[in-house]
Amino acid sequence: MGKRNRNRQNQQNRDQRPEGSRSRDNAGWGAGYSEIIKENKLFEQYYRELNIVPEGEFEEFMEAMREPLPATIRITGYKSHAKEILHTLKEKYFKEIQDLEIDGQKIEAPQALRWYPDDLAWHTNMSRKILRKSPLLEKFHQFLVSETESGNISRQEAVSMIPPLLLKIEPHHKILDMCAAPGRKTKSLSPSLHFIPFLLLSHMHSFLLSHGFVIANDVDNKRCYLLVHQAKRLNSPCIMVVNHDASCIPRLQLEHDGKKEVLFYDRVLCDVPCSGDGTMRKNIDVWKKWTTSNGLQLHGLQLRIAVRGVEQLAVGGRMVYSTCSLNPVEDEAVIASLLEKSEGALELVEAVADLPGLKFMPGITSWKLMTRDGQWYSNWSEVPEARHTQIRPTMFPPTDDEKLQSMKLERCMRILPHHQNTGGFFVAVLVKKAPMPWNRRYPKVMSSPEVETSVHSQSSHECRPKLPRTSAALTPSPCSRPPPSKKMKLFGFKEDPFVFLTEEDPVFPPIQAFYDLSPGFPKLNVLTRTHEGKKRHLYMVSKELRNVLLNNSERMKVINTGVKVWSRNNDGEQFGCAFRLAQEGIYTLYPYIRARVITVSLEDVKVLLTEENPFLKMGSIVLKYRPDPNSPQCPIELCGWRGKTSIRAFVPRNERLHYLRMVGVEVFQDKQGKKAGRTTEAQEGSTELGEARGREEGGTQEPESTDTDQNGSAKSKGNGLEGAGSA
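Residues numbered from 1 in each chain as written. Predicted model: local features only at pLDDT ≥ 70, side-chain atom pairs only at ≥ 80, totals over all residues. Heavy atoms only, no water.

Labelled according to an unreviewed UniProt entry, the chain appears under the name tRNA (cytosine(34)-C(5))-methyltransferase, originating from Electrophorus electricus.

Structure, rendered in structure tokens:
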């Protein structure tokens with residue numbers, strides 16, 4: 001059969017399928033998996049025997065596992081914007097959808113997650129099918145999509161929000177997310193990616209001078225680029241995406257006062273790859289694929305990653321270990337082995353008070369192992385030699401009762417789906433009280449941004465530190481010996497270089513004069529992605545990330561870092577500066593810009609973001625809006641372009657929609673993508689800026705259009721609400 005005939009036959013087969021199995025949307029949350037039966041006898045047998053579910057609740061537990069997962073959203077972004085978005089949700093969208101009935105299903109009013117701070121996380125019983133297809137929810141759906149693309153809302157599973165909360169992040173903290181990219185166990189966001197930078201940016205008075213930063217790592221090169229795409233929504237100079245095997249992520253160096261020092265992190269998030277049986281409510285194929293072998297195969301990797309995490313942790317630092325698995329082999333067994341290896345260097349701490357209102361089960365201290373053929377083993381001594389390659393001693397509870405009791409494994413937290421209508425999850429919080437037995441030198445965690453304690457240098461930069469061999473007394477016991485070393489391997493695309501500019505670089509004088517940058521502007525933090533030719537884009541990183549980049553270029557593979565602050569626009573050269581401001585970097589740059597700042601009114605903001613003003617050659621500017629002190633609205637800075645008698649906002653489409661909502665205007669698009677439903681205020685807004693439209697002499701000129709830039713950002717022509725900025 002030829003290719004054309006095969007394609008025709010396949011189409012006929014698809015058309016002949018039952019109506020309920022043709023479409024992902026028709027399957028609701030079980031999209032694409034309608035043929036999968038939500039039964040797994042081995043799963044039920046295993047968890048009944050382990051008794052992780054309270055007596056009398058197992059049937060309720062299984063019933064909850066078969067139910068669709070509630071839709072959950074989390075509000076992120078700058079604090080002032082987060083408050084405004086929360087106000088919009090409560091006062092507009094939640095009221096509009098309250099008590100609706102769609103396809104026979106009553107839509108419950110969204111409820112705030114009781115344990116999440118400041119009412120910034122909400123859940124509802126709406127399925128994806130209803131949310132996407134119902135005309136009554138179309139505006140709400142557009143709002144969620146638009147604000148998600150702008151980085152102000154994250155649609156993320158509730159339990160994935162827990163680990164970052166338990167990290168207790170402060171603005172000066174150096175943070176490592178070991179397995180950050182989405183797609184490992186689920187298609188949702190990394191638990192840390194939005195929340196960690198949100199905490200950093202919410203408290204920083206100066207982004208570029210702060211000690212705090214996030215290094216987000218993942219082993220999969222392709223997923224790293226998805227991580228970059230999500231990180232770009234945050235517009236933060238304090239994030240770096242790297243590509244390494246987390247179990248041997250390299251030890252990095254910093255330079256302070258001319259001396260090289262080992263970088264130890266104040267916080268480590270260790271959300272390891274797992275079997276994912278806690279995600280059965282949304283990842284329906286887990287029902288079919290789950291066996292006990294999954295957890296047994298992953299245990300060793302999980303332990304290696306956790307060990308590497310605590311090695312990189314500063315004394316006094318905090319590491320959160322989490323999985324979306326309920327299996328004690330992947331959960332308590334890893335924590336128990338880690339505590340045993342640490343010989344008192346780690347403490348498993350209580351985290352109940354950190355999340356008031358969260359229902360969970362304490363960790364267990366006794367468990368057994370089961371093979372996929374139903375064979376049970378209670379301890380290592382029962383395991384036949386033939387199975388020693390699949391089953392390891394660290395998978396069992398410690399046999400010493402006194403040692404087991406001292407570990408306080410009950411301080412672990414296991415979230416069961418039927419207790420608060422969530423997915424299944426496991427989390428444990430560890431604090432490092434002393435160096436690991438095989439580490440010789442170590443720093444202490446900084447107590448404040450201003451006070452830097454001494455950090456001792458370490459000569460070894462291999463994946464595992466070399467153990468001292470000068471004395472038998474220093475030889476570590478088998479329990480404290482770290483997992484074997486693994487050679488670092490680099491995969492994927494070869495990245496463009498990160499090239500920092502010098503203070504004498506010829507690009508600075510015209511920029512300095514045009515924008516009248518303040519003397520404190522950190523020129524050394526500016527970088528580009530090419531050694532030769534014209535610089536197309538300029539990026540900025542924080543002071544500490546610059547330190548990391550300059551001292552570790554040979555040790556790590558950096559995929560992306562920095563926020564774009566300027567883009568080349570050759571039309572500006574005749575006015576003295578070839579670089580226009582980039583909206584994504586405006587909050588980083590604005591504190592240093594002393595010229596070309598225009599204060600606009602609320603009506604000006606509405607007109608600028610909804611109307612197309614002529615684009616002529618007068619140069620890039622900052623548009624500043626400051627609300628009345630008694631108004632609930634937040635301050636806004638926008639990039640613009642000044643013509644002879646008019647001004648145009650230079651803002652990407654989704655950010656335009658976001659800022660319009662911040663000032664009380666909604667631009668709704670029908671299914672054909674046409675603007676509709678614009679408020680009367682926006683239509684009637686007439687100011688000097690609005691009146692100046694159409695009075696330009698000569699024609700209009702669109703900004704130059706380019707494709708993907710050297711740092712991975714896509715750009716599009718300015719047209720309609722799209723503006724002229726990079727998306």
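A.B. asks: Is there a simple way to think about the sheet that holds strand β20 (residues 499–500) in this case?
C.D. replies: Spatial ordering of the open sheet is given by β20-β21-β22-β24-β25, a layout of five strands whose pairing is antiparallel. Both edges of this open sheet fall to β20 and β25 (579–581), since each of them pairs with a single strand only. Note that strand β22 (residues 537–540) and strand β24 (residues 563–568) share four bridges and pair antiparallel. Following the sheet pairing, tyrosine 539 is matched in β24 by lysine 564. (Pairing = 2+ DSSP bridges. Helix = DSSP H or I, 4+ residues; strand = E, 2+ residues; numbered from the N terminus.)

A.B. asks: Would you mind going over the sheet that holds strand β28 (residues 636–642) with me for this structure?
C.D. replies: The pairing of strands in a sheet happens through backbone hydrogen bonds and is either parallel or antiparallel. Pairing is mixed in the open sheet, where four strands are placed in the order β26-β27-β28-β29. At either margin of the open sheet sits one strand with a lone partner, and together these are β26 (597–599) and β29 (647–649). Direction aside, the axes of adjacent strands within the sheet are offset by 40 degrees on average. The pairing of strand β27 (residues 620–625) with β28 spans six bridges and is antiparallel. Bridged to valine 622 within β28 is cysteine 639. Sitting on the sheet, helix α18 (residues 602–610) touches β27, β28 and β29, and the angle it makes with β29 is about 70 degrees. (Axes fitted to C-alpha atoms, helices over the stretch in contact; angles between N-to-C directions. Contact = heavy atoms within 4.5 Å.)

A.B. asks: How should I be thinking about unusual backbone geometry in this particular structure?
C.D. replies: Glycine aside, a negative phi is what most residues show, and trans is what most peptide bonds show. Backbone geometry places asparagine 51, a non-glycine residue, at a positive phi of 60 degrees. Turning to its location among the elements, asparagine 51 is positioned in the loop between α2 (41–50) and α3 (58–66). The exposure class assigned to asparagine 51 is exposed, which follows from its relative accessible area of 57%. (Buried < 20%, exposed > 50% of the residue type's maximum accessible area, 1.4 Å probe, protein only.)

A.B. asks: Can you help me understand the side chain of serine 342 in this one?
C.D. replies: Considering the arrangement of structural elements, one finds serine 342 in helix α12 (residues 332–342). Once you skip the residues sitting within four places of it in the chain, serine 342 turns out to touch Met436 and Pro437.

A.B. asks: Would you take a moment to explain helix α19 (residues 653–662) for this structure?
C.D. replies: Working note: α-helix, 3.6 residues per turn, so residues spaced by three or four point in the same direction. Taking burial as the measure, the ten residues of α19 include nine buried ones, the bulk of the element. Within the span of α19, buried status applies to Asn654, Glu655, Arg656, Leu657, His658, Tyr659, Leu660, Arg661 and Met662. Among the residues trailing α19, glycine 664 stands out with phi positive, at a value near 90 degrees.

A.B. asks: Whenever I open this one, the pairing of strand β1 (residues 71–75) confuses me. Can you help?
C.D. replies: Each regular strand shows side chains that alternate between the opposite faces of the sheet. Within β1, five of the five residues are buried, which leaves it mostly tucked inside the rest of the structure. Alternating residues of β1 divide into Ala71, Ile73 and Ile75 and Thr72 and Arg74, and every residue in both groups is buried. Pairing between β1 and strand β5 (residues 121–124): four bridges, direction antiparallel. Bridge assignment links threonine 72 to a residue of β5, and that residue is histidine 123. Sheet analysis places β1 next to strand β6 (residues 153–154), joined by two bridges and oriented antiparallel.

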